[in-house]
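# Residue-level structural notes
Listed below, chain by chain, are the residues.
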2 protein chains.
Amino acid sequence: MNVLARPLVLSPADREAALTQVSGLVRSIPDFPAPGILFRDITPVLHDAAALDAAVRLHIDRIADLAGQIDRIVGIESRGFLFGMAVAHALGCGFVPVRKPGKLPAATVHQTYALEYGQDRLHMHADAVSPGDRVLVIDDLLATGGTAQAAAQLVEGLGGRVVACLFLIELAALGGRARLGDRRVESVIVY
Amino acid sequence: MNVLARPLVLSPADREAALTQVSGLVRSIPDFPAPGILFRDITPVLHDAAALDAAVRLHIDRIADLAGQIDRIVGIESRGFLFGMAVAHALGCGFVPVRKPGKLPAATVHQTYALEYGQDRLHMHADAVSPGDRVLVIDDLLATGGTAQAAAQLVEGLGGRVVACLFLIELAALGGRARLGDRRVESVIVY
């Protein structure tokens, strides 16, 4: 099933080149979506075919030791769908979308999580994970970790095992890694 | 850049087997999201690694003659992100997310389109398509064609050329194909 006819682990030189290529295209936009927030915009990485491929390879490089031991990748709506699907296809895993309320049509489980003001809720189809499934959670950004924690809890609530949480970008100052507790956390680029 | 170390065009037997595998996993859910609507749920296709790969191959099979002649794939938020990204990565194209208002952080162009009641708007980053770019528009579902038409208009407004619009599922009775006018329309499964 593995369609990547290339090594999963990058050489140090290839890793460095890929990181330079990808991080050079992440665009920082001040005051979005609210004043005082510096938004890390990954769309220029997506636009560029070579950078997109480099980013997929960097995701896989971070968890290469898990290749062949992942049943499903969970991607969090909606930017987690992007590399979630590309990595799932490249590694030969199934993909599970975790979505906002009202989007998934069949029976779901849900998890509430705290926002700065108020709370929100994520849903996953109840048949998306079976007991014993080895699951990789993917999102584009690890900030406070609230959504990733909720996604991990959904997986674990159905008896799945979160083998790692994988992010393109980690904003280290926001403490998301701590919020994810004992779970393995990997990120491609750390600010 | 092409990471699919396999033929782009499926043999008739492989195509038939892949279609059987994928269409057998599309789940029909009555009265979602509103009474009287029969929702075609693709999540069981995503969950299954082999079916996911078969679906990617069926997408590529439909537009195999365009391989190497596509610069960017446009995917429509949010289910269009799924196969949009997987196909973009497999074919070695860039990916452009078309999103709902308020989601894209840099300068955007936007297009209004009619809903059954009222209207909605889609945005694309203004730097996502350049004049002459050959663009494939991907979404999971072709229904009335309103969102796909809006996405195509965004591409064309920036001087790009829509080489095809590609869908996993087409609901033929809703006339989306006609709404897309002279543009090439391809779909994997037609109901």
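In short, a report on the structure. (Residues numbered from 1 in each chain as written. Chains lettered and ligands numbered in written order. Predicted model: local features only at pLDDT ≥ 70, side-chain atom pairs only at ≥ 80, totals over all residues. Heavy atoms only, no water.)

Mapping chain A onto chain B calls for a rotation angle of 180° and an axial translation of 0.0 Å; the resulting RMSD is 0.0 Å. Such values leave the two copies arranged in the relation of a two-fold axis. Across chain A, the smallest distance between a C-alpha and the rotation axis is recorded for Ala86(A), namely 2.3 Å. A high fraction, 100%, of the interface residues of chain A reappear at the interface in chain B, so the copies pair face to face through one surface. (Least-squares fit on C-alpha atoms with pLDDT ≥ 70 in both. Contact = heavy atoms within 4.5 Å.)

We now examine the environment of Thr112(A). Residue and element names in this part refer to chain A. Along the polypeptide, Thr112 turns up in strand 5 (residues 108–114). For Thr112, a relative accessible area of 35% translates into the label partly exposed. C-alpha of Thr112 to C-alpha of His59: the two residues are 53 residues apart in sequence and 28 Å apart in space. Not counting chain neighbours up to four residues away, the residues in contact with Thr112 comprise Gln119, Asp120 and Arg121. (Helix = DSSP H or I, 4+ residues; strand = E, 2+ residues; numbered from the N terminus. Buried < 20%, exposed > 50% of the residue type's maximum accessible area, 1.4 Å probe, protein only.)

A few words now on the pairing of strand 4 (residues 94–98) of chain B. All names here are of chain B. Summarising burial for strand 4: five of the five residues are buried, a large majority. Side-chain alternation along strand 4 places Gly94, Val96 and Val98 on one buried face and Phe95 and Pro97 on a second face that is also buried. Relative to strand 4, strand 3 (residues 72–76) is paired through five bridges, and the arrangement is parallel. Bridge pairing links Ile76 to Val98 in strand 4. Tracing the backbone out of strand 3, into helix 4 (residues 80–91) and back to the parallel element strand 4 gives a crossover that is right-handed. (Pairing = 2+ DSSP bridges. Right-handed = clockwise from strand over helix to strand, strands pointing away.)

A word on the sheet that holds strand 3 (residues 72–76) of chain A. Residues and elements named next belong to chain A. The five strands lie next to each other as 4-3-7-8-9, forming an open sheet whose pairing is parallel. Across the chains shown, the open sheet's two edge strands, defined by having one partner strand only, are strand 4 (94–98) and strand 9 (185–190). Each neighbouring strand pair of the sheet contributes to a mean axis angle of 20°, computed without reference to strand direction. Packed on one face of the sheet, helix 4 (residues 80–91) meets strand 3, strand 4, strand 7 (134–142) and strand 8 (161–170) and runs near 170° to strand 4. (Axes fitted to C-alpha atoms, helices over the stretch in contact; angles between N-to-C directions.)

The full count for this structure, using the stated rule, is four aromatic pairs over all chains. For the ring pair Phe32(A) and Phe39(A), a centre distance of 5.1 Å and an interplane angle of 85° mean the geometry is edge-to-face. The pair formed by Phe32(A) and Phe39(A) is uniform in burial state, with each residue classed as buried. Aromatic side chains Phe81(B) and Phe95(B) sit 6.0 Å apart centroid to centroid with 90° between the ring planes, which places their arrangement in the edge-to-face category. Highlighted residues: Phe81(B) in helix 4 and Phe95(B) in strand 4, separated in sequence by 14 residues. (Phe/Tyr/Trp six-rings, centres within 6.5 Å; stacked < 30°, edge-to-face > 60°.)

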